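For reference, the chains in residue letters:
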Amino acid sequence: MAARKKNDESVSMFDSFKEFKDTKNIDRTTLMSVLEESFRNVIAKIFGSDENFDVIVNPDKGDFEIYRNRIIVADGEVKDQNKEISLSEAQKVEPDYEEGEEFSEKVDFSKFGRRAILNLRQTLASKILELEHDSLYNKYKDRVGQVVSGEVYQVWKREVLLVDDENNELILPKMEQIPHDQYRKGETVRAVIKEVNNDNNNPKIILSRTSNMFLERLLEAEVPEIADGLITIKRIARMPGERAKIAVESYDERIDPVGACVGVKGSRVHGIVRELCNENIDVVNYTSNIKLFIQRALSPAKISSITVNEETKKAEVYLRPEEVSLAIGRGGLNIKLASMLTDYTIDVFREIDENEADEDIYLDEFADEIDEWIIEAIKGIGLDTAKAVLNAPREMLVEKADLEEETVDNVLKILRAEFE
């Protein structure tokens, strides 16, 4: 009864392996190879070698057979019990056996004891896990940049765990999530495959919804002209969940790349905007003329004049006072994205009438009201006069001069009072 139970235990291992095979689509050759290797590992531990064993597995039926092959030697000449058998012992099975012949006998694996069966189970489990990891890595290793869908399985503070249609685990880290994203178990989430790591044969599929690749793939899916190669996405700048700017170029003069990407009344970007938590999308025509490109990147603001230093990759943009707030955007978002898109540092200035410029005052003359270190910080970003400071965007003074907002507001108040 005990032997039967042990045999049942060993056979039950095939059930778990068959389930894995059906789930992971492991081919029959691989399946048989892993089963045989697992048996041989255990046999080698028991007998010291598995070279003289034949292992026959039938994964479809869930059974197996093991045969040990030994050479028949004269009585008293047996030196290796595993590979040799005495003539008298062999003739107890078959009287016609002679010295030098091969003696093959079926081995009852269940008689090896419970420890051998547990050893086999552990070995098999280890091989299955290794196969599972190989299967996952091979499935995704060449798919970086592709969009995939996964079902939310678990939501943690630092990451969200998704599973694909084969129950493979996909990881969406917090830093790759759009700030306004909310995840509920069981819902479907789309993201781009950012990385496929296989450190220590432990594959990790890292997804991203903040990557520029994700927005690019969504556009390719919505705009046939991009998928067909008629329109090229040249550059993308994103503040995920807030706003994005995309520069596109058409190789066909008959195609308006901006119009094609946006669609009638924004029909082609509506779905993308919803997918990206209402991230506003601006599409502009790409050009190698950097001045024109910066002008387009700062849209919807209209530029009066621009000077560019190609060596330092800096641009000074002058606008009418009413256009400055448009160029900067809420929270400085528009000018940040324009800088990211063009790869230029952009400084925005209000235009000053010549008459106003004549009445200007150097900052040094305000030393009795403004601390010297504050004046030096402002002068350090190229602003030497009161009018220059008043005409510069407040956000620029805060960020580039590295001053507190309260300090900047106090400086502006003092300078305005001078001209009132």
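Note: the structure precedes this text.
Along each chain, numbering runs from 1 in the same order as the chain's sequence is written. In keeping with the predicted nature of the model, local features appear solely for residues at pLDDT of at least 70, side-chain atom pairs appear and are counted solely at 80 or more, and the whole-chain, interface and lining totals rest on all residues. Side-chain measures were taken over the full set of non-hydrogen atoms in the model, leaving aside hydrogen atoms and water.

Enquirer: In this structure, what is going on with the overall build of the protein? I would like to understand it.
Expert: Numbered from the N terminus, helices here are DSSP runs of H or I no shorter than four residues, and strands are runs of E no shorter than two. A tally of regular secondary structure across the protein gives 16 helices and 15 strands. Computation of the radius of gyration draws on C-alpha atoms, with the globule rule given as 2.2 Å multiplied by the number of residues to the power 0.38. In terms of overall dimensions, the protein is more spread out than a globule: its C-alpha atoms have a radius of gyration of 37 Å, far above the 22 Å expected for 420 residues. Its C-alpha atoms give the protein principal-axis dimensions of roughly 125 × 55 × 40 Å. By definition in these notes, contact holds between two residues if any of their heavy atoms fall within 4.5 Å. Partitioning the intrachain contacts of the protein with sequence separation of at least 6 by distance along the chain shows that 59% fall at a separation of at least 24. Carbon and sulfur atoms make up 44% of the accessible area of the protein, which amounts to about 23700 Å² in all. Note that His is not counted, nor are the chain ends; the positive residues are Lys and Arg, and the negative ones are Asp and Glu. We put the charge of a Lys on NZ, of an Arg on CZ, of an Asp on CG and of a Glu on CD. Across the protein, the mean location of the 58 positive side-chain charges is 6 Å away from that of the 86 negative side-chain charges. Note on areas: Shrake-Rupley with a 1.4 Å probe; residue coverage comes only from the protein chains shown.

Enquirer: Would you mind going over helix H16 (residues 405-419) with me for this structure?
Expert: Residues separated by three or four positions in an α-helix point in the same direction, a consequence of the helix having 3.6 residues per turn. The end-to-end C-alpha distance of H16 is 22 Å, a good match for the 21 Å that 15 residues give at a rise of 1.5 Å each. The buried label applies to any residue whose accessible area, calculated with a 1.4 Å probe on protein chains only, is under 20% of its type's maximum; exposed applies above 50%, and partly exposed to all values in between. Buried within H16 are the following residues: Val408, Val411, Leu412, Ile414 and Leu415. What you see down the axis of H16 is that its buried residues fit within an arc of 160 degrees, all on one side. Turned more than 90 degrees off the buried face of H16, the exposed positions are Glu406 and Lys413. Each element contacted by the buried residues of H16 is listed here: helix H13 (372-379), helix H14 (386-391) and helix H15 (394-400). Helix span, expected: 1.5 Å multiplied by one less than the number of residues in the helix. What the arc measures is the spread of directions leading from the helix axis to the C-beta atoms.

Enquirer: Is there a simple way to think about the packing of aromatic side chains in this case?
Expert: Any Phe, Tyr or Trp ring, taking Trp's six-membered ring, that has another such ring centre within 6.5 Å forms a pair; planes under 30 degrees apart are called stacked, those over 60 apart edge-to-face, and the others tilted. All told, the structure shown has four aromatic pairs when counted by the stated rule. Centre to centre, the rings of Phe47 and Phe53 are 5.1 Å apart; their planes meet at 40 degrees, and the pair counts as tilted. Of the residues examined, Phe53 reaches a relative accessible area of 1% and is grouped as buried. On the numbers, 5.3 Å between centres and 65 degrees between planes, the contact of Tyr97 with Phe103 is edge-to-face. Taken individually, Tyr97 and Phe103 each receive the classification buried, so the pair is uniform in this respect.

Enquirer: Could you clarify how one ought to interpret the packing of helix H9 (residues 290-297) against helix H11 (residues 333-342) in this entry?
Expert: Angle between the axes and distance between the axes: these two values describe a pair of packed helices. Axes here refer to lines fitted to C-alpha atoms; in helices the fit is confined to the stretch in contact. Angles between the N-to-C directions go from 0 to 180 degrees. At a closest axis distance of 9 Å, the pairing of H9 and H11 adopts a crossing angle of 145 degrees. Two packed elements cross with a definite hand, and for H9 against H11 that hand is right-handed. Across the interface between the two elements, Ile290, Phe293, Ile294 and Ala297 from H9 touch Asn334, Ala338, Leu341 and Thr342 from H11. A per-class count over the contact of H9 with H11 returns six nonpolar, two polar and no charged. Crossing handedness: left-handed means the near helix sits turned counterclockwise from the far one by under a right angle, and right-handed means the same turn made clockwise. Under the grouping applied here, Gly and all other residues not named as nonpolar or charged are polar, the nonpolar ones being Ala, Val, Leu, Ile, Met, Phe, Trp, Tyr, Cys and Pro and the charged ones Asp, Glu, Lys and Arg.

Enquirer: Even after reading the chapter, I still don't get helix H5 (residues 212-222), so can you show me in this structure?
Expert: The complete set of buried residues in H5 reads Phe214, Leu215, Leu218 and Leu219. For H5, the angular spread of buried residues about the axis comes to 135 degrees, placing them on one side. Side-chain atoms alone can form a polar contact between residues adjacent in sequence; in general such a contact is a pair of N or O atoms within 3.5 Å, and within protein one must be able to donate a hydrogen while the other accepts it. Two or three places before Met213, at the opening of H5, Ser211 has a side-chain oxygen 3.0 Å from that residue's backbone nitrogen.

Enquirer: Help me understand the nonpolar core in this model?
Expert: Most often, soluble globular proteins keep nonpolar side chains buried together rather than apart. In plain words, nonpolar cores are sets of buried Ala, Val, Leu, Ile, Met, Phe, Trp, Tyr and Cys residues tied together by side-chain atoms within 4.5 Å. Ile294, Leu298, Val317, Leu319, Leu341, Ile346 and Val348 are the most contacted members of the largest nonpolar core, which has 25 residues in total. Going through the elements one at a time, H9, strand S14 (314-319), helix H10 (321-328), H11 and strand S15 (345-350) are the ones with two or more residues in this core. The biggest single contributor to this core is H11, with five residues. Once residues lying within four places of it in the same chain are set aside, the contact partners of Leu341 are Arg235, Ile236, Ala237, Lys245, Ala247, Val284, Phe293 and Ala297.

Enquirer: What is the right way to read the environment of Leu131 from this model?
Expert: Mapping Leu131 onto the fold places it in helix H4 (residues 114-140). Residue Leu131 is classed as buried on the basis of its relative accessible area, which comes to 14%. Put simply, Leu131 and Leu31 are 100 residues apart on the chain and 9.6 Å apart in space, counted from C-alpha to C-alpha.

Enquirer: Where do I start with the sheet that holds S14 in this structure?
Expert: Pairing between sheet strands relies on hydrogen bonds along the backbone, with the strands arranged either parallel or antiparallel. By definition, two strands form a pair when at least two bridges between them are found by DSSP. With mixed pairing, three strands are arranged side by side in an open sheet as S13-S14-S15. Each of the sheet's edge strands pairs with one partner strand only, and the pair in question is strand S13 (305-309) and S15. Strand-to-strand twist of the sheet, defined as the mean angle between neighbouring strand axes without regard to direction, takes the value 15 degrees. Sheet analysis places S14 next to S15, joined by six bridges and oriented parallel. Bridging from a neighbouring strand, Leu319 pairs with Arg350 of S15. Along the sheet, H9 contacts S13, S14 and S15; its crossing angle with S13, the most-contacted strand, is approximately 125 degrees.

Enquirer: Before we go on, may I ask you to explain the sheet that holds strand S12 (residues 280-285) in this structure?
Expert: Taken in spatial order, the three strands of this open sheet run S10-S11-S12, and their pairing is mixed. Two strands close off the open sheet at either side, each with one partner strand: strand S10 (231-239) and S12. Pairs of neighbouring strands in the sheet enclose a mean axial angle of 20 degrees, with direction left out of account. Sheet contacts for H5: S10, strand S11 (243-250) and S12; angle to S10, the most-contacted strand, approximately 135 degrees.

Enquirer: What am I meant to see in the packing of H5 against helix H8 (residues 267-275) here?
Expert: Between H5 and H8, the least distance of the axes is 9 Å, while the angle of their chain directions is 145 degrees. Where H5 crosses over H8, the two elements pack in a sense that is right-handed. Contacts between H5 and H8 involve Phe214, Leu215, Leu218, Leu219 and Glu222 on the former and, on the latter, Arg268, Ile272 and Glu275.

Enquirer: Quick question: what am I supposed to make of the pairing of S10 here?
Expert: When a strand is regular, its side chains alternate between the sheet's two faces. The pairing of S10 with S11 spans eight bridges and is classified as antiparallel. Paired with Met239 across the two strands is Arg243, which belongs to S11. The turn joining S10 and S11, which pair antiparallel and follow one another in sequence, is formed by three residues; a positive phi near 85 degrees is taken by Gly241.

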